[in-house]
Amino acid sequence: MASRSLGGLSGSRGGGGGGKKSLSARNAAVERRNLITVCRFSVKTLIDRSCFETIDDSSPEFNNFAAILEQILSHRLKGQVTWFGYESPRSFWDYIRVACRKVSQNCICSIENMENVSSSRAKGRAWIRVALMEKHLSEYISTALRDFKTTRRFYEDGAIVLGEEANMLAGMLLGLNAIDFSFCLKGEGLDGNFPAVIDYTPYLKFTQSSDSISSDEEELRTLGSSGSESSTPENVGPPFITDENCWFNKCKRVKQKYQLTLEQKGYLEELLRLRENQLSESVSQNKILLQRIEDSDLAHKLEKEQLEYIIVELQDQLKSYQSLDQLSAEVSLSQTSLDPGQSQGDGKQDALNLISEGKEDTPSLLGLCGSLTSVASYKSLTSLKSNDYLASPTAEMTSPGLTPS
């Protein structure tokens, strides 16, 4: 009997341990789901409130959102182990300033150098405000979550940033980029001496079913009919009047929302019309620029072909000039060897004739020379150049050095 009782006791203890583990796991899952759900509600309320007024430190919706985000980033955050082996609590700012260094143009250094912010918790709250004003909060969170090694080093198992809820968090915060925030970084909201507290009352709503509403009405009728004789119908009046006022207020709010929706619709239609006009103008300008580019490309191709053709002609003429010069030199040498006196003039005259016959007018070169507007001027220039190279025989014959004695 004793052994059985001990066995049953040990079995109950084992079952209790398993029950505690399952209960703790359930509590952790419920806590994560509650924080993520409340964060989604707070983002929606911020977006709705931004349509009517500017979001600043005095907005209760923002204060609640900041408290929710602070608790999400502080969920199951590891403590900092000191030299003596003790574990001191740390703030989520210690994780953010390490994991968000890779963000381009980040505000980590500017927050670290703030003079009026000393504690780690206050720096984390200042970072939330600066990131919202810069419209980069979602980018910061996404970059930090991608650094899984650093996240694992700062958080324990079961934390929100280590679970599947982390991707949902980054997606929810993306909608806050459409809001223009305005914060003062020297206010009381940065006081790091007190922890953030979430106000759940704006997100709690109890809706009765149709059965419960009908039972309430029956109870009211029963109470009205079973009253004393001195009771009058005015006792039942106030609830119905209150109900009527409630419906009137609801109708008024719906009408205001309808008017606001109409105004937003008109604004969006006007904005769409302006964007369409800008788009059409941009398309027309783009077509004009493309046509200009095509025309310039065609002109450049034609000019390139002309220049290539002119270069080929110049090369051919240069080769012909060189060959004619060699030929004239050979003829002059041969004539000099046969008859030094008489054949010198004849050889030079033959060379001049050969050069004049070899040099042809090039129409393509006439356009490049500004002064050579006619073929006659070109020929006269050719004759002048040939006279520069070769002296005239008459001048040589009449020179005193060549006259017979």
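What counts and what doesn't
Residues numbered from 1 in each chain as written. Predicted model: local features only at pLDDT ≥ 70, side-chain atom pairs only at ≥ 80, totals over all residues. Heavy atoms only, no water. Helix = DSSP H or I, 4+ residues; strand = E, 2+ residues; numbered from the N terminus. Buried < 20%, exposed > 50% of the residue type's maximum accessible area, 1.4 Å probe, protein only. Contact = heavy atoms within 4.5 Å. Areas by Shrake-Rupley, 256 points an atom, 1.4 Å probe, with all protein chains shown as cover. Core = buried A, V, L, I, M, F, W, Y, C linked by side-chain atoms within 4.5 Å. Expected span 1.5 Å × (residues − 1). Phe/Tyr/Trp six-rings, centres within 6.5 Å; stacked < 30°, edge-to-face > 60°. Lys NZ or Arg CZ within 6 Å of the ring centre and 35° of its normal. Axes fitted to C-alpha atoms, helices over the stretch in contact; angles between N-to-C directions. Parallel < 35°, antiparallel > 145°, perpendicular 65-115°, else oblique. Left-handed = near helix turned anticlockwise from the far one by under 90°. Nonpolar A, V, L, I, M, F, W, Y, C, P; charged D, E, K, R; others polar. Salt bridge = Lys/Arg side-chain N within 4 Å of Asp/Glu carboxyl O.

K.L.:
Give a description of the overall build of the chain that names residues and reports values.
P.N.:
If you tally the helices and strands in the chain, you get 14 helices and 2 strands. Per-residue burial for the chain yields a buried fraction of 26% across its 405 residues. Restricting the contact set of the chain to residue pairs at least 6 apart, pairs at least 24 apart contribute 71%. Accessible surface for the chain amounts to roughly 28,400 Å². Of this, 57% is attributable to carbon and sulfur atoms.

K.L.:
Break down the environment of Arg90 for me, with residues and values.
P.N.:
Within the secondary structure, Arg90 is located in the loop between strand 2 (87-88) and helix 3 (92-99). Along the sequence, Arg90 and Leu77 sit 13 residues apart, while their C-alpha atoms lie 7.7 Å from each other. Setting aside residues no more than four positions away along its own chain, Arg90 makes contact with Leu77, Lys78, Gly79, Gln80 and Phe154.

K.L.:
Could you give an account of the nonpolar core, naming the residues involved and the relevant values?
P.N.:
Phe65, Trp127, Leu132, Leu137, Tyr155, Leu169 and Leu176 are the most contacted members of the largest nonpolar core, which has 58 residues in total. Among the elements of the structure, helix 1 (2-50), helix 2 (60-73), helix 3, helix 4 (108-112), helix 5 (120-134), helix 6 (137-146) and helix 8 (165-173) are those that each provide at least two residues to this core. Looking at this core element by element, the count peaks at 8 residues for helix 2. Not counting residues within four places of it along the chain, the set of residues in contact with Leu176 comprises Val43, Leu46, Phe65, Leu132, Leu137 and Phe181.

K.L.:
Could you give an account of helix 2, naming the residues involved and the relevant values?
P.N.:
If you check helix 2, its first and last C-alpha atoms are 20 Å apart, about what 14 residues at 1.5 Å a residue would give, namely 20 Å. For helix 2, a buried count of 11 out of 14 residues is recorded, marking the element as mostly surrounded by other parts of the structure. All of the buried residues in helix 2 are Glu61, Phe62, Asn64, Phe65, Ala66, Ala67, Ile68, Leu69, Glu70, Ile72 and Leu73.

K.L.:
So what about the packing of aromatic side chains? Which residues, and what values?
P.N.:
Here the distance between the centres and the angle between the planes together describe a pair of aromatic rings. A complete count under the given rule lists 7 aromatic pairs for this structure. Arranged with centres 5.5 Å apart and planes meeting at 20°, the rings of Phe181 and Phe183 form a pair that is stacked. For the pair Phe181 and Phe183, one class covers both residues: buried. Here the aromatic cluster, defined as three or more aromatic residues joined through ring pairs, consists of Phe62, Phe181 and Phe183. Stacked on the ring of Phe41, the Lys or Arg Arg40 has its end atom at 5.8 Å from the ring centre. For the cation-ring pair, Lys250 lies above Trp247, with the distance from its terminal atom to the ring centre recorded as 4.9 Å.

K.L.:
Explain the packing of helix 5 against helix 6 to me, using residue names and the numbers behind them.
P.N.:
Closest axis-to-axis distance for the helix 5/helix 6 pair is 7 Å, and the angle between their directions is 120°. Along its contact with helix 5, which presents Trp127, Ala131, Leu132 and Glu134, the element helix 6 presents Leu137, Tyr140 and Ile141.

K.L.:
Explain the packing of helix 2 against helix 5 residue by residue, including any values.
P.N.:
For the pair helix 2 and helix 5, interaxial distance at closest approach is 11 Å and the crossing angle is 120°. One finds that helix 2 runs oblique with respect to helix 5. The two elements helix 2 and helix 5 meet at a crossing, and its hand is right-handed. Here Phe62, Phe65, Ala66, Leu69, Glu70 and Leu73 of helix 2 lie close against helix 5, whose contacting residues are Arg121, Arg125, Trp127, Ile128, Arg129 and Leu132. Considered class by class, the residues forming the contact of helix 2 with helix 5 number 8 nonpolar, no polar and 4 charged.

K.L.:
Hey, could you go over the pattern of salt bridges for me, with residue numbers and the actual values?
P.N.:
In total, this model carries 13 salt bridges according to the counting rule given. Put simply, Glu112 and Lys123 hold a salt bridge, and the shortest N to O gap is 3.3 Å. With Glu112 in helix 4 and Lys123 in helix 5, this pair connects stretches of sequence that are 11 residues apart. Residue Glu112 is classed as partly exposed on the basis of its relative accessible area of 25%. Exposure remark for Lys123: the relative accessible area of 12% places this residue in the buried category. One network of salt bridges, in which partners are shared, links Asp94, Arg97, Glu112 and Lys123.

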